Amino acid sequence: FKAGQLDFWGESSAKKWAVGYDFDALSKGLVKREEWPIDVVAPMQGFAFNTRRPQFQDPRVRRAFNLAFDFEWASKNILFDQYKRVGSYFQNSEMQAQGLPEGRELELLEGVRALVPPEVFTTPYANPFNRSHEDARRHMGEAARLLAAAGWKQKSGALLNAAGEPLTAEFLLLQPEFERIVQPFRAALDKLGIKASIRVVDSSQYRRRLNTFDFDIVVAGFAQSQSPGNEQREFFGSVAADSEGSRNLIGIKNPAIDTLIEQLIVAKDRAELVAASRALDRVLLWNHYLVPQWYSPKE
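Anyway, here's the lowdown on the structure attached to this text. (Residues numbered from 1 in each chain as written. Predicted model: local features only at pLDDT ≥ 70, side-chain atom pairs only at ≥ 80, totals over all residues. Heavy atoms only, no water.)

Brief notes about empty space enclosed by the protein
Basically, it comes down to this: Cavity and pocket criteria rest on a 1 Å grid covering protein atoms alone: a 1.4 Å probe that fits but cannot get out defines a cavity, protein on both sides within 12 Å along at least 5 of 7 lines defines an open pocket, and an atom within 4 Å of a point defines a lining residue. Grid points are joined across faces, edges and corners, and a volume is the space filled by probe spheres set on the points. Only DSSP runs of H or I covering at least 4 residues are called helices, and only runs of E covering at least 2 are called strands; the numbering of each starts at the N terminus. Ten residue types, Ala, Val, Leu, Ile, Met, Phe, Trp, Tyr, Cys and Pro, are classed as nonpolar, four, Asp, Glu, Lys and Arg, as charged, and the remainder, Gly among them, as polar.
Going through the model one piece at a time under the given rule, you end up with one cavity of 30 Å³ or more. Computed from the structure, the largest cavity encloses a volume of approximately 30 Å³. Lining the largest cavity we find Y89, Y125, L284, L285, H288, Y289, L290 and P292. Elements with a minimum of two residues in the lining of the largest cavity: α13 (270-286) and β8 (290-292). Partitioned by chemical class, the residues of the lining of the largest cavity number seven nonpolar, one polar and no charged.

Below you can see the structure in the form of C-alpha cells.
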C-alpha cells in the first residue's frame, strides 16, 4: 500500500493506525486516512474462563479477575485509545441490557429468579472503571475481599484454598501480540496472590487444546447478528458444554441460561426477541464468565 501497489488498505492494528501513517504520500495528499462508524452488533471479546476447572467455578473468583484488569491503563498505554470497553454480549444494539429489567424482559427473568444472581434485578451491570490510581487500588481491594470470601487465603504470597492448593491460571494464547496485554494483567494478579502464566502455542496445538477444553483462560469472541437464534445453544447451552469442539469454551451449564436461550429461539416477534436477548445478556454478564476486553467503534 505504501509503495503504491494497492489502492485500499484496511488497517487492523491500533498501533500502526496511531503511529504508522506518517509517510510522504499521506503528507502530500495522495493517500487519505478515513474512519467510518460501525453500526453493527459488536462482538463480545474477552479473557474467557474454563469453568470446568475447579478454580473458576466460583463467580466471585471470576469477578475478582475483572476487577484486577485495568483496561483504562491498557487503553492509554498499549491500545492508543483506539477501542472502547465491551460491556454486553449484544453491544451496540437494541438487544443490549441497559438499566434495570422491565416489561417483558422482567417477566422472562422472573421465571428464572431463583437461578440467577440477585444483582440481575437490582443493579445494572458495569465493568470496573479506573479514572485514577485510587480507583485501581480500590478495585484491587475489592478483588482481594471477593477471593477471601470464596475461600482463598493468602499465605507466603500465594492464594491457597482449604486443601492447600494454590490459585493458578494459564493464559493460552495464539497471537503473541496479546502478551503485551496479559503481562501487566499478570502482574496485577500476582499482587493478589494468583500465580498466572502465559503460554503461546502454534495454531494446530491451539485448536486441539480448544477442541478438548484443555486450557484455563483463552481469548474468546462471540459474534452476534441482529437476529440471534440457534447459535446461542452452541455458545452458551449446557449440551454444548460437554460436546468436544463446541463453541461453548466457557463450559456454561446453567439452567437459567438454557431457559432464556429457548425463549429467544421461539420468539414470535421482534419485541419478544429483544426482550429475551436482553434477559440473556444480563444473566451472562452477572455470572462473570469472562473478563470483557474491547471493540472498535470505527473501521
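A short note on the packing of aromatic side chains
Stated precisely, the cut-off is as follows: Each aromatic pair joins two rings of Phe, Tyr and Trp (for Trp, the six-membered one) with centres within 6.5 Å, and gets the label stacked for planes under 30 degrees apart, edge-to-face for over 60, and tilted for any other angle. Only protein chains enter the accessibility calculation, which uses a 1.4 Å probe. A residue is then buried if its area is under 20% of the maximum for its type, exposed if over 50%, and partly exposed in between. Any Lys NZ or Arg CZ that is within 6 Å of a ring centre and within 35 degrees of that ring's normal is treated as a charge sitting over the ring.
A complete count under the given rule lists 18 aromatic pairs for this structure. A centroid spacing of 5.2 Å and a plane angle of 45° characterise the contact between F49 and F56, whose relative ring orientation is tilted. Grouping residues by exposure puts F49 and F56 together as buried. Summarising the aromatic geometry, the rings of F171 and F185 are spaced 5.6 Å apart at their centres and angled 65° between planes, so their arrangement reads as edge-to-face. A residue pair is termed long-range when its members are at least 10 positions apart, and F171 in strand β5 (residues 168-173) and F185 in helix α8 (residues 179-192) qualify at 14 residues. Overall, the relative accessible area of 1% leaves F171 in the buried class. Every member of this aromatic cluster is reached through a ring pair, and the members are F47, F49, F56, F65, F69, F171 and F185. In this structure, R113 packs its charged tip against the face of F121, placed 3.8 Å from the ring centre.

So, the nonpolar core
The line we're drawing: Throughout this description, the term nonpolar core refers to a set of buried Ala, Val, Leu, Ile, Met, Phe, Trp, Tyr and Cys residues connected via side-chain atoms within 4.5 Å.
Core analysis: the largest hydrophobic core is formed by 47 residues, its most contacted members being Y89, F222, F236, I257, L280 and L284. Taken together, the elements giving at least two residues each to this core come down to β1 (44-49), α5 (103-110), α6 (119-122), α9 (203-211), β7 (217-222), α10 (231-236), α12 (255-265) and α13. F69, I78, L146 and I217 belong to the second-largest nonpolar core, a separate cluster that totals 36 residues.

Observations regarding the environment of N248
Using the following cut-off: Here a residue-residue contact requires only that any non-hydrogen atoms of the pair lie within 4.5 Å. In the analysis that follows, any N or O atom pair within 3.5 Å is treated as a polar contact, provided that within protein one partner can donate a hydrogen and the other can accept it, and provided that, for residues neighboring in sequence, both atoms belong to side chains.
Among the structural elements, N248 can be located in the loop between α11 (238-241) and α12. A relative accessible area of 0% means that N248 is categorised as buried. Residues N248 and G46, 202 residues apart in the sequence, show an inter-C-alpha distance of 14 Å. Other than its neighbours up to four places away in sequence, N248 contacts R52, F213, E234, F235, F236, G237, A240 and A241. Of the polar contacts made by the side chain of N248, one reaches the backbone oxygen of G237; its length is 2.8 Å.

Quick look at the layout of surface pockets
Estimates place the volume of the second largest pocket at around 530 Å³. Lining the second largest pocket are 23 residues; nearest its centre among them are D70, W73, N130, H133 and A136. Of all the secondary-structure elements, those providing two or more residues to the lining of the second largest pocket are α3 (59-68), α4 (71-77), α7 (133-149) and α8. In terms of residue count, the dominant contributor to the lining of the second largest pocket is α8 (six residues). Broken down by class, the residue content of the lining of the second largest pocket amounts to 12 nonpolar, five polar and six charged.

Focus on the sheet that holds strand β6 (residues 195-200)
In a beta sheet, neighbouring strands are held together by backbone hydrogen bonds and run either parallel or antiparallel to one another. Using the following cut-off: Between any two strands, at least two bridges found by DSSP are needed for them to pair. Between the N-to-C directions of two axes lies an angle of 0 to 180 degrees, each axis being a line fitted to C-alpha atoms and, for a helix, fitted only over the stretch in contact.
What the five strands build is an open sheet, ordered β6-β5-β7-β1-β8; its pairing is mixed. Every interior strand has two partners, whereas the edge strands, β6 and β8, have only one. Strand-to-strand twist of the sheet, defined as the mean angle between neighbouring strand axes without regard to direction, takes the value 35°.

Observations concerning the side chain of H139
For H139, the location among the structural elements is in helix α7. Since its relative accessible area comes to 6%, H139 is described here as buried. Side chain to side chain, H139 and N130 meet in a polar contact 2.6 Å long. In this structure H139 touches L67, P128, F129 and N130, once residues within four positions along its chain are discounted.

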